[in-house]
Amino acid sequence: MSDVLATLSNELAAVVENTGRSVVRVEARRRLPASGVVWSNDGLIVTAHHVVHWDENIRVGVGAETFPAALVGRDPSTDLAVLRAEGIRLPAAAWETPDDLRVGHLALALGRPGRSVQATFGIVSALGEGWRSPAGGLIDRYLQTDVVMYPGFSGGPLVDALGVVRGVNSSALMRGVSLAVPTSTVSRVVEALLEHGYIRRGYLGVGAQPARLPEAIAEELGQETGLLLVSVEKGSPAERGGLVMGDTIVGLGGERVRHLDDLMALLGGDAVGQERAVRVLRGGGLAEVTVVIGERE
Amino acid sequence: MSDLIQQLNSALARAAETADASLVRVSNGWRGQGSGIVVHPEGLILTNSHVMRRDEVQVTLPDGRILPARLLARYEDHDLALLRVDASDLPALPLGSSKALRAGEWVLALGYPWGVPGAATAGVVIGVGDGLPERPNFGSEWLAVDLHLRPGDSGGPMVNAAGELVGVNTVMAGPDVGLAIPVDVVKRFMKQALQAESKAA
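Described below are features of the structure shown in this document.

### Description of the overall build of chain B
The number of helices and strands found in chain B is two helices and twelve strands. If you list the helices and strands of chain B from N to C, you get α-β-β-β-β-β-β-β-β-β-β-β-β-α. The C-alpha atoms of chain B give a radius of gyration of 16 Å, which matches the 17 Å a tight globule of 201 residues would have. By its C-alpha atoms, chain B is 55 × 35 × 30 Å across when sized along the principal axes. In chain B, which comprises 201 residues, the proportion classed as buried is 51%. Contacts in chain B between residues far apart in sequence, at least 24 positions, make up 64% of those at least 6 positions apart.

Shown next, in the form of structure tokens:
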């Protein structure tokens, strides 16, 4: 009988070796280098935003050699950055969305903080719907594993048992758990960064906190809270649209606004320059104003 | 599928049994204890230098015999020690090659964690060599594995899927990464120690 353990062990090592060809060392900070993974054959590399401390003089490497790389753009909200390597042809990894992953599936985290590729191993721990990172970025799926995030692994790929990249690992999205940004989000961010060099975000210009609505209004709207404006910036889209301190936003563009996450989700790049009806609770009654959404610098 | 998992389970158990057959307990007197590895049938035992608080220790062999062991050589720079006990025909663990290890390969670590005899834990090779982050301030080459070593694991065997020795359990680096002295360093040390012994004799 062939030893299934030795077979599994060899196949894992082969997956690491094969996919590892698309994993690069990213030298863009003073301390330990981090990792990146090749997105396309024209030299685009995806890495983590938080490991790219410099905008210039970035180098990427496999083995002992390093090559210059230009920063295409970064998105702190999803902790992703895109580089373009110059003077080196690297094979793109196979990328797929994690849609068919199930809890319990085997997973590997790859990294290359040093010369050779490194790996840790575990299972898919939890899968969930889209979520919003603490920095306000929309992540298409919640993808948690129990792989150990070894120092310098941020920006490296989370791969399945066949070596297909399902996401990009980051230890900065949430502390204490191993989370990956799924391929679908990576794809969206790469496209946006190629087009604009940054991720467009809508801008209102208010400071707000969730506040409980009066019972009658809550019943009428079918929501218990809204966003109480505690400040409105001078000259901001909010002020120009007629929002004032003390208003409680309950809706925007026909969607409910119950807490900050709702508002953040409605202020994506596509909202920039658009007119939006803002429903507010003002002086005990509901009112509506129109705001032209600005763009966050 | 479940058949595959059963095969995997029994293969893991076999590899653990192989390592367990060559695992010894090293007791250095009152409370301290660590693990050791039979590396030659004629009574050669390998362990960590830091397990050896004194030059005379007692070793509990796989067959249960408790024998005094004599320190043959220390390699402080790499936290290794070689001992000799007066016994023969011991089940020695075959030495593998740490240079041949690849990231992602499966390994098992055995020892006496918290004093539990022969407890095993498994993980994969993160990397081998001198370029790893979070290294302790001694040694130069390490084998990093994503498993948890505990007090008492020190000096115990780390084996690959084929049951060959690939490292000596030594220390944790951070909460989730175990470090072992690569077996290639062990081979160099043993060669030197045995040459010195034969010269002395």
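Next comes the rest of the write-up.
### Describing the interface of chain B and chain A
Between chain B and chain A, the contact holds 23 residues from the first and 26 residues from the second. Broken down by secondary-structure element, the contributors of at least two residues to the side of chain B that touches chain A are α1 (2-20) and β8 (119-129) of chain B. With six residues, the top contributor of residues to the side of chain B that touches chain A is α1(B). Considered class by class, the residues forming the side of chain B that touches chain A number 14 nonpolar, four polar and five charged.

### So, helix α1 (residues 4-20) of chain A
Residue and element names in this part refer to chain A. Its 17 residues give α1 an end-to-end C-alpha distance of 23 Å, which sits within 8% of 24 Å, the value for a rise of 1.5 Å per residue. Along α1, the residues classified as buried are Leu5, Leu8, Ser9, Leu12, Ala13, Val15, Val16, Thr19 and Gly20. For α1, the buried positions fall inside an angular range of 150 degrees around the axis, keeping them on one side.

### Concerning the packing of α1(A) against α1(B)
When two helices pack together, their arrangement is given by the angle between their axes and by how far apart the axes lie. For the pair α1(A) and α1(B), interaxial distance at closest approach is 7 Å and the crossing angle is 100 degrees. For the element pair α1(A) / α1(B), the angle class is roughly perpendicular. In this structure, α1(A) contributes A:Val4, A:Leu5 and A:Leu8 to the contact, and α1(B) contributes B:Leu4, B:Gln7, B:Leu8, B:Ala11, B:Leu12 and B:Ala15.

The rules behind each value
Residues numbered from 1 in each chain as written. Chains lettered and ligands numbered in written order. Predicted model: local features only at pLDDT ≥ 70, side-chain atom pairs only at ≥ 80, totals over all residues. Helix = DSSP H or I, 4+ residues; strand = E, 2+ residues; numbered from the N terminus. Rg over C-alpha atoms; globule rule 2.2 N^0.38 Å. Buried ≥ 20, exposed ≤ 12 C-beta atoms within 10 Å, placed from the backbone. Contact = placed C-beta atoms within 7 Å. Nonpolar A, V, L, I, M, F, W, Y, C, P; charged D, E, K, R; others polar. Expected span 1.5 Å × (residues − 1). Arc of directions from axis to C-beta. Axes fitted to C-alpha atoms, helices over the stretch in contact; angles between N-to-C directions. Parallel < 35°, antiparallel > 145°, perpendicular 65-115°, else oblique.

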